[in-house]
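Take a look at the letters that make up each chain.
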Amino acid sequence: MTRVLNPGCPLVCWIFLCGLFVTISGCGRPDTVQAVPRSGSNQPVFGPGKKMALAKSLNGFDLSFIHEDHFACVSINIARLMSNSDLGELPLDTWEQELGKLVGKSNSSINSIERAWLLLDCSGLSFGDDIGQVSPLILVLDYKSKIDESELAEANRKTEEQSREKGLNLIASMIGDSRIVIGSPALTSKVASAKGDANLARQLKQMKLDGDIDGLFDIGPIRSTLRSMFGMVGSFGGEEVAKISRLPEVLQRVEISCSLDSNDMLRAVAYIDDDELTVELADLFNQTGQSGASSIMGSQMPFGFGGSRSGGGRATEMMLTPTSVEVMNEVGKEISEKNLFSVVGKDHQVTLKLGRPGKLKELIAASIFDAKGQIELATRVENLKKIATAMGSYVEKYQCFPPCGIVNRSAEGLPSQFNWRVGLLPFLDEQALYEQFDFSKPWNSPENQLVAKQMPSVFAVVSKGESGVPGLKTRWHVVGGDLGLYKGDRTPTIDEITDKKIWTALVIEGDQQTAVNWTKPGSLKVDSAELGQFGLSQENGILFLNAALEPRIIRKDQRNLHDILTPDGGETIQHADFLPLLPGTSR
């Protein structure tokens, strides 16, 4: 029996089924599964069997690093992906910088990596529980040539120091001359001691693994968790959707392959022991596809990205308005109109195929641009957190905020400083830099300007669509003028803030036109709230540090801006006016 999903089925079915496959994540032990037949009699016992296998060639990879506790593997052909022009301008510098912290600069070049293996370890894994900072993920990197062992050892030494300070639990270890494993110490030791006899490794060796991305997953290790989850789907989803609740009992494994330069861009196969259910699932996706076409299109994007504000939607709105929304809608329409998406149920397999959209390159480019924007936003938020910590230490020691103007050591018992940023240097682990300034000379003297060239990265504001603020300039400001807390060059205190401290801006991000030399004395003079002076034009929020020393993002409108700038206006700000600091975080 065969059923083919209606070719007009839109993106919604694709996302739903892909989400199902990703949620299922598994492929490992040859465990025997008991299925519940329709008649309720004779529970059949089965294993993978010949019927469940595909004829595939050996790939020749050494997979001895795969442990029996690993039940999922995603293989990423880095060398092939790097040669694909569709990927546009990947943020390689950022990726390589972060990778270099773990493996050393000499080993951090993405172009030097042949393939990456992402493994999921199921030992001790309990879905829905807080697993703290111990991740079940393991990353294995295969290099094209020999690894620089000394660089790796030095990176590990620094990582261990950070682990003690921040409670991290991540190391990188060599396996042979050209392979590195990254993960928690317990999991990387498993990889190093694996004998290569795991069922997952055997099955992977029978796959071609010639796509850009290939995945193999086993249902066994998480069967009980999925049984509960899918059971709830059956309880609340009606008779048709209730069929899905039987999947944990009959699903064997899932294989996924994706190649960006292929006509059949994505292919995912779920192996099911119940042929009747296989057909019914294809019918079910066909039915849901008929009515769900438009729900994924238009302004109501998933995950609260941009989207409608009705019905409390404002709570999930993000700061960065994604450029990929429009092209994503166009791609979704193309998938539907050109019948690029299909689901087939036949011979114990549910097979999903997605053809290559014509606008794939544009979608990838827009997605990369948005991803870079999120990375840059995360950097800005982290920098503001560091400023907040330093500001808190300053206030604790001197019982006031750092002044925005020049201070001599003899005045007010405060340390010498040209402005608040320079005053924070000792609290930013920059004591040596602070001591290089000659406070007996003007802030812009040649000697002090030479020192200023060493501007700490925490004051650099790199933002979406920009290459960064050039030279010695920054866009982090304390607020002065008629509205702000800093009146003239005097030193403000916390007692001068009569509004709620969580709603009062102490440090705020200005626009490109407000950029100044980071050692220049003075505040940002604000006599009236003008939106164009703050944040970025393509963002719907303004990043600031409140007087309670918490980074926040306020929705960008005239009233909100005026209210956070004044320390004593008596205004009331709604919590709904604040946006999440980063995607997926709550306010």
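Scope of this entry: the structure provided in the associated data block. (Residues numbered from 1 in each chain as written. Predicted model: local features only at pLDDT ≥ 70, side-chain atom pairs only at ≥ 80, totals over all residues. Heavy atoms only, no water.)

1. Examining the pairing of strand 7 (residues 171–174)
For step 1, the next point in the chain: Looking at chain direction, strand 7 and strand 8 (residues 179–183) are connected through four bridges and run antiparallel. Looking across to strand 8, one finds that Ser 173 is bridged to Val 181.
For step 2, the next point in the chain: Two successive antiparallel strands, strand 7 and strand 8, enclose a turn made up of four residues, where Gly 176 displays a positive phi of approximately 85°. (Pairing = 2+ DSSP bridges. Helix = DSSP H or I, 4+ residues; strand = E, 2+ residues; numbered from the N terminus.)

2. A closer look at the nonpolar core
For step 1, the next point in the chain: The biggest cluster of nonpolar side chains holds 45 residues, and the ones touching the most others in it are Ile 387, Trp 420, Phe 437, Phe 459, Val 507 and Trp 518.
For step 2, the next point in the chain: Excluding anything up to four places from it in sequence, Trp 518 contacts Asn 419, Arg 421, Val 422, Leu 425, Leu 433, Phe 437, Ala 452, Met 455, Pro 456, Phe 459, Leu 472 and Thr 474.
For step 3, the next point in the chain: Membership of the second largest hydrophobic core comes to 43 residues, among which are Leu 120, Leu 226, Val 327 and Val 331. (Core = buried A, V, L, I, M, F, W, Y, C linked by side-chain atoms within 4.5 Å. Buried < 20%, exposed > 50% of the residue type's maximum accessible area, 1.4 Å probe, protein only. Contact = heavy atoms within 4.5 Å.)

3. Considerations on the packing of helix 11 (residues 324–337) against helix 12 (residues 360–398)
For step 1, the next point in the chain: Two elements in contact, helix 11 and helix 12, have axes separated by 9 Å at closest approach and are oriented at 150°. Considered as vectors, helix 11 and helix 12 are oriented roughly antiparallel to each other. Here helix 11 runs over helix 12; the crossing is left-handed. Judged by residue contacts, Ser 324, Val 327, Met 328 and Val 331 of helix 11 engage Glu 362, Leu 363, Ala 366, Ser 367 and Asp 370 from helix 12.
For step 2, the next point in the chain: Among the residues making up the contact of helix 11 with helix 12, the classes are represented as five nonpolar, two polar and two charged. (Axes fitted to C-alpha atoms, helices over the stretch in contact; angles between N-to-C directions. Parallel < 35°, antiparallel > 145°, perpendicular 65-115°, else oblique. Left-handed = near helix turned anticlockwise from the far one by under 90°. Nonpolar A, V, L, I, M, F, W, Y, C, P; charged D, E, K, R; others polar.)

4. As for helix 11
For step 1, the next point in the chain: With 14 residues, helix 11 should cover 20 Å at 1.5 Å per step; its first-to-last C-alpha distance of 20 Å lies within 8% of that length.
For step 2, the next point in the chain: Taken as a whole, helix 11 has its buried residues at Ser 324, Val 325, Val 327, Asn 329, Val 331, Gly 332, Glu 334, Ile 335 and Ser 336.
For step 3, the next point in the chain: Phi for Asn 339, located one or two positions after helix 11, is positive at around 55°. (Expected span 1.5 Å × (residues − 1).)

5. Focus: the pairing of strand 11 (residues 264–272)
For step 1, the next point in the chain: Counting buried residues in strand 11 gives seven out of nine residues, a clear majority hidden from the surface.
For step 2, the next point in the chain: Two strands pair when backbone bridges link them, and strand 10 (residues 251–258) and strand 11 are joined in this way by six bridges, in the antiparallel orientation. Directly across from Ile 256, in strand 11, lies its bridge partner Ala 268.
For step 3, the next point in the chain: Here strand 10 folds back onto strand 11 in antiparallel fashion, the turn holding five residues.
For step 4, the next point in the chain: Pairing geometry for strand 11 and strand 13 (residues 349–355), over seven bridges, is antiparallel. Across the sheet, the residue bridging to Val 269 is Thr 351, located in strand 13.

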